[in-house]
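Given next are the chains, with one letter for each unit.
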Amino acid sequence: MGTKGKVIKCKAAVAWEAGKPLCIEEVEVDPPKAHEVRVQIIATAVCHSDHHPIDPKAEDPFLPVILGHEAAGIVESVGPGVTGFKPGDKVIPLYTPQCKKCKLCLSPLTNLCEKITLAKGPAFRQELMEDNTSRFTCKGKPIYHFFGISTFSQYTVVSDKNLAKIDDDANLERVCLLGCGFSTGYGAALNTAKVTPGSTCAVFGLGGVGLSAIMGCKAAGASRIIAIDINSEKFTKAKALGANDCLNPRDLDKPVQEVIIEMTNGGVDFAFDCAGGSEVMRAALDCVRVGWGSCTLIGVAMGDKGLTISPLELIMGRTINGTAFGGWKSVDSVPKLVTDYKNKKFDLDALVTHTLPFDKINEAFDLLHQGKSIRTVLIF
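Residues numbered from 1 in each chain as written. Predicted model: local features only at pLDDT ≥ 70, side-chain atom pairs only at ≥ 80, totals over all residues. Heavy atoms only, no water.

Undergrad: Is there a simple way to explain the overall build of the protein chain in this structure?
TA: For the protein chain, the helix and strand inventory stands at 10 helices and 18 strands. Relative to the compact-globule value of 21 Å for 380 residues, the protein chain shows a C-alpha radius of gyration of 20 Å, a close match. Taken over the C-alpha atoms alone, the protein chain extends approximately 65 × 40 × 40 Å along its principal axes. Considering the protein chain as a whole, with its 380 residues, one finds that 56% of them fall into the buried category. Considering only contacts in the protein chain between residues 6 or more positions apart, those separated by 24 or more positions represent 69%. A total of about 15,700 Å² of accessible surface is found on the protein chain, and carbon and sulfur atoms cover 54% of it. Charged side chains in the protein chain number 42 positive and 42 negative. The centres of these two groups are separated by 4 Å. (Helix = DSSP H or I, 4+ residues; strand = E, 2+ residues; numbered from the N terminus. Rg over C-alpha atoms; globule rule 2.2 N^0.38 Å. Buried < 20%, exposed > 50% of the residue type's maximum accessible area, 1.4 Å probe, protein only. Contact = heavy atoms within 4.5 Å. Areas by Shrake-Rupley, 256 points an atom, 1.4 Å probe, with all protein chains shown as cover. Lys, Arg positive; Asp, Glu negative; His and termini not counted. Charge placed at Lys NZ, Arg CZ, Asp CG, Glu CD.)

Dropping the structure here:
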């Protein structure tokens, strides 16, 4: 390709300061070092988590940064020691790495990897590469990485442990959603909560993750799925994907958890908070039944004070847990999910409401914040 071993100049969206739109800039992307891969990003979607570092409420901003973590692309070149990838391979970058060697990777009990827990900065952020340097420069300044993959750039450099090789005939404009949103919601139901056939479920928040959780509950054989959102325009799509009932808390004359308990004669078996925030977490935990009700937390709200729990709530048999990337061991599972999509086991098309050129990335964020989009896919 003529670029191997050279610095590539390309387009990227740089977040220079919190609370401001991203700037489309020319950046310089260094060649990959040992056990790193340089990837040409073909399609990248916009997720709420991409806004967290630039949220004015962010407690620990790390700027300037290239955000983005839900994408698909093609390998441009590989660094020394890389054996599993070659130029031309179709790939999905993974914010949840899988080294396959650490204590966490070797355990069937978790999909986390010590590469995350040891990363510089708070968990998951992976702001720099393993040698504590950046592969991005803009206007003479080094730029931080995000989640170790920074997909809001036409080219990016990732560790070979943060990358899944996928089928050559995969549709990159769709399977990019497997990098975060779909996998997280769908896996929360199947892997983390382990929804059982015939059970009742409540899903709070009907964005990409929430709708994917509904698809997971349906795939697991749930008999009744209740969808909850403050935006009633999302109910048509929720029902099309498997929801039986839809509730807007703003239209009710009592707390939504009380309504759910009445509807289900005691509460649901499984609840999923795909929105975040103490109010939603509280409703999700309250609406699961005594004895065995399970509440899974997925959404994160910036600056939120969290949830206060009385031991009695858990002594009464309820459980509360959280999920990262839907419990999938990323390198092993993502290629299988790509195959499942090709075999029409689930419908990613239903989650993509907009496709825009990469330059319109700020418009994509506006659509997300206004509740007008589920997923916007950006094409370079």
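What follows picks up the thread again.
Undergrad: Looking at this structure, I do not really get helix α4 (residues 208-219). What am I missing?
TA: Because each turn of an α-helix spans 3.6 residues, side chains separated by three or four positions in sequence point in the same direction. Its 12 residues give α4 an end-to-end C-alpha distance of 16 Å, which sits within 8% of 16 Å, the value for a rise of 1.5 Å per residue. Listing the buried residues of α4 in full gives G208, V209, G210, L211, S212, A213, I214, M215, G216 and C217. Check the buried side of α4 and you find it contacts α3 (181-192), β11 (200-204), β12 (224-228), α5 (235-240), β14 (270-273) and β18 (375-379). Positive phi appears at G221, one or two residues downstream of α4, with a value of about 95 degrees. (Expected span 1.5 Å × (residues − 1).)

Undergrad: Can you help me understand the nonpolar core in this one?
TA: Nonpolar side chains in soluble globular proteins generally cluster together in the buried interior. F152, V175, V195, I214 and F272 are the most contacted members of the largest nonpolar core, which has 102 residues in total. Grouped together as the second largest cluster of nonpolar side chains are 16 residues, A202, F204, V268 and V288 included. (Core = buried A, V, L, I, M, F, W, Y, C linked by side-chain atoms within 4.5 Å.)

Undergrad: Looking at this structure, I do not really get the environment of G291. What am I missing?
TA: Here G291 is to be found in the loop between α7 (278-286) and β15 (294-297). Taking the relative accessible area as the measure of exposure, G291 reaches 44% and is therefore partly exposed. Between the alpha carbons of G291 and M316 there is a distance of 5.9 Å; along the sequence they are 25 residues apart. With residues near it in sequence (within four places) discarded, G291 still touches M316 and G317.

Undergrad: Could you clarify how one ought to interpret helix α9 (residues 330-342) in this entry?
TA: Compared with an ideal rise of 1.5 Å per residue, which puts 13 residues at 18 Å, α9 spans 18 Å between its outermost C-alpha atoms and is within 8% of the ideal. In the core, the buried residues of α9 are packed alongside β6 (90-93), β10 (163-165), α2 (172-175) and α3. K344 lies just past α9 and shows a positive phi near 60 degrees.

Undergrad: Is there a simple way to explain unusual backbone geometry in this structure?
TA: For residues besides glycine, phi is generally negative; the peptide bonds are generally trans as well. Although it is not a glycine, K139 sits at a positive phi angle of roughly 55 degrees. Residue position: K139 is located in the loop between β7 (136-138) and β8 (141-143). For K139, a relative accessible area of 64% corresponds to the exposed category. Even without being glycine, K344 reaches a positive phi, approximately 60 degrees. Relative to the assigned elements, K344 resides in the loop between α9 and β17 (352-357). Judged by relative accessible area, K344 falls into the exposed class, the value being 73%.

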